[in-house]
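Listed below are the residues making up each chain.
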Amino acid sequence: MLKQKLIFNFSSRIFLQFIQIAASIVVARIAGPTVLGTVAFGSAYVNIFFFISNLGLGGAHTKLISEGRDEGKCMATYTRLKIFTTTLFFIVVIIFFLSQKYIFNLHFESKTHQYVIFIALIAYTIQSFVQIPISTFAAKIEMAKHSIPDVIRMTIYHTLRIVVVLLGYKALTLAFSNLVSMIILIPIVLYFSKGLSFGKYDKELAKQYIKIAFPLIIGSIAISFMAALDKVVLQFFTSSEYVGYYTAGYRFGSILLIVAGTVGIFFPLFSKAISEGDEKYIRDKINKWERFIFLFVMPAVIFISIYSDSIILFVLGQKYINSIAVMPIITVAMFIRVWTTPYGNVLTGSGLFVFVSKLEVLNLILFIVALVFFIHPQILGLKATGAALAIMISNIFSGCVFMYFSKRKLSILKKINNLKFIYFGITNFIVFFFLYKYFVECWDSIFRIIFPLLYFTTTYSCLFLLKWVRKEDLIMLKSLIDLKKMKMYVSGELKTKRK
């Protein structure tokens, strides 16, 4: 059943990513980089403060539910705490906005930017409340209930985006599309929440929530800042146009975020396994995860890194030529994140929230320094490319420290050794990179067309000849499209009634 949960979460994210990419292509080509950048900036501006709506409570809720605490009391207590933090989030954003405009006299690029910020604020506020049942589904590893509402919302949102730009509307209406889809999400989540228990607020339990959440606050601040600072700093040092170039390259390069989101299921699993002393279970899960991403994700990463210029020029056109350098950097950065996230789950699953928060703060400091160093016009002035490089450096740092300290925490993890795949990937990249650059200059369009078939055929032929692809790897890959088992899992979960 765990396999079906992982596969369903993974498959739903693939579906969402393709919808997002399709919508982004239409929006980017018709609306242009400036409109794209305006919407991205407004969302990022609000997202910087979104940590206030949570303050570590989501992690505390996941941990308490996964450990088997009374669901009804947890739901009632978590809800009351979330009402307080979400209200605080809304007030802080308003105060910051007014202070920036009227006290510090720091103006925005246009009035549209201001309107987009307020629309994003309302959407994020609704999202915060919706997270109450959604995070409960994740804690109980009910991935169908966790994913289906988001699939419906994002489908509506991206459909509205396409309709809006085709009708000739710009940034303001695009921002409204997100708000409308978020409002539609409310009754859907309420429907799925029928099976949840809802008891009474427990003061003692609230203290436990705060005790667990407190060390997570610093880490959540760091994560929230890192999710938005790249676009905000880029807007400050350049313009909405370059934020648009960056957003376009990021959107295509971050397709691996679908895999990163799937890894989140490991947190409650590892938390339970560590509490039971089952270290072998954790090692086996991470080992299988690494084999999967090295065999079936890494080749795609290498291909996208090499082929990014063809993808951007064909899909978005010449006006997005500044996005070409962003795409491969973000792709590699996201792969590093996907690879190392389970090691971070080992640390949080062990209850080392304070330690992980310290690592996140160090990573945030590094990220800010890298952003300024790469983007500032008086230093390197790399603009959109500089923001992408800052993310890659940040992910390398966090990945290395997560792996190092998790292996110190659980010595059994030192037995995981997949270096041969890394050596293969480096060799594969070097060979095909120079091959691509040489023959594109000679044959151009013809070689661009045949390169994908040549790359994947050659890569997987080598892996099979080396006998690195096992029978169980193919079975796992096949299970990704086993619709019968997937239907049985989803139907079984959605039919669960209130106890």
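The structure we're discussing is the one just above.
Residues numbered from 1 in each chain as written. Predicted model: local features only at pLDDT ≥ 70, side-chain atom pairs only at ≥ 80, totals over all residues. Heavy atoms only, no water.

### Looking at the pattern of salt bridges
Taken as a whole, this structure holds five salt bridges when the rule is applied. One salt bridge in this structure joins D202 and K73, with 3.7 Å as the shortest N-O distance. Of this pair, D202 sits in the loop between α7 (171–192) and α8 (203–237) while K73 sits in helix α4 (residues 71–103), and the two are 129 residues apart along the sequence. We note a salt bridge from D230 to K231, for which the minimum N-O separation is 3.4 Å. Note on accessibility: D230 and K231 belong to one class, buried. (Salt bridge = Lys/Arg side-chain N within 4 Å of Asp/Glu carboxyl O. Helix = DSSP H or I, 4+ residues; strand = E, 2+ residues; numbered from the N terminus. Buried < 20%, exposed > 50% of the residue type's maximum accessible area, 1.4 Å probe, protein only.)

### Details of the environment of I393
Mapping I393 onto the fold places it in helix α15 (residues 383–409). C-alpha of I393 to C-alpha of A370: the two residues are 23 residues apart in sequence and 7.8 Å apart in space.

### Structural notes on the packing of helix α9 (residues 240–253) against α15
Remark: α9 packs on α15, axes separated minimally by 8 Å, with the N-to-C direction vectors making an angle of 45°. The orientation of α9 relative to α15 falls into the category oblique. For α9 against α15, the interelement crossing comes out right-handed. Of the residues in α15, those in contact with Y242, Y246 and Y250 of α9 are K383, A384, A387, A388 and I391. By residue class, the composition of the contact of α9 with α15 is seven nonpolar, no polar and one charged. (Axes fitted to C-alpha atoms, helices over the stretch in contact; angles between N-to-C directions. Parallel < 35°, antiparallel > 145°, perpendicular 65-115°, else oblique. Left-handed = near helix turned anticlockwise from the far one by under 90°. Contact = heavy atoms within 4.5 Å. Nonpolar A, V, L, I, M, F, W, Y, C, P; charged D, E, K, R; others polar.)

### Quick look at the nonpolar core
Formed by 95 residues in total, the largest nonpolar core has its most connected members in Y209 and F451. In terms of residue count, the dominant contributor to this core is helix α12 (residues 279–315) (19 residues). In this structure, F451 is in contact with F303, I306, Y307, F432 and Y436, ignoring residues within four places of it in sequence. Counting residues in hydrophobic clusters, the runner-up holds 45 residues, among them Y45, F108, M334 and F374. (Core = buried A, V, L, I, M, F, W, Y, C linked by side-chain atoms within 4.5 Å.)

### Details of the packing of helix α5 (residues 111–139) against α7
It is at 9 Å that the axes of α5 and α7 come closest, and there the two elements cross at 20°. Of the possible angle classes, the one that applies to α5 and α7 is roughly parallel. Two packed elements cross with a definite hand, and for α5 against α7 that hand is left-handed. Here α5 contributes T112, Y115, V116, I119, I122, A123, I126, Q127, V130, P133, I134 and F137 to the contact with α7, which in turn contributes A171, L172, A175, F176, N178, L179, M182, I183, L185, I186, V189 and F192. Here the residues of the contact of α5 with α7 sort into 21 nonpolar, three polar and no charged.

### Digging into the side chain of S53
Residue placement: S53 occurs in the loop between α2 (33–47) and α3 (57–66). Within the local environment of S53, its side chain forms a polar contact with the backbone oxygen of F50, the two atoms lying 2.7 Å apart. With residues up to four places along the chain from it excluded, the contact list for S53 reads K82, T85, T86, F89 and S128. (Polar contact = N/O pair within 3.5 Å; in protein donor to acceptor, adjacent residues only side chain to side chain.)

### What about the packing of aromatic side chains?
Tallied over the full model, the rule gives 44 aromatic pairs. An aromatic cluster of at least three residues, connected via ring pairs, comprises F303, Y307, F432, Y436, Y438, F439, W443, F447, F451, Y455 and F456. Over the ring of Y201 we find R80, and its NZ or CZ is 4.1 Å from the ring centre. The aromatic ring of Y250 is capped on one face by K231, whose charged end is 5.5 Å from the ring centroid. (Phe/Tyr/Trp six-rings, centres within 6.5 Å; stacked < 30°, edge-to-face > 60°. Lys NZ or Arg CZ within 6 Å of the ring centre and 35° of its normal.)

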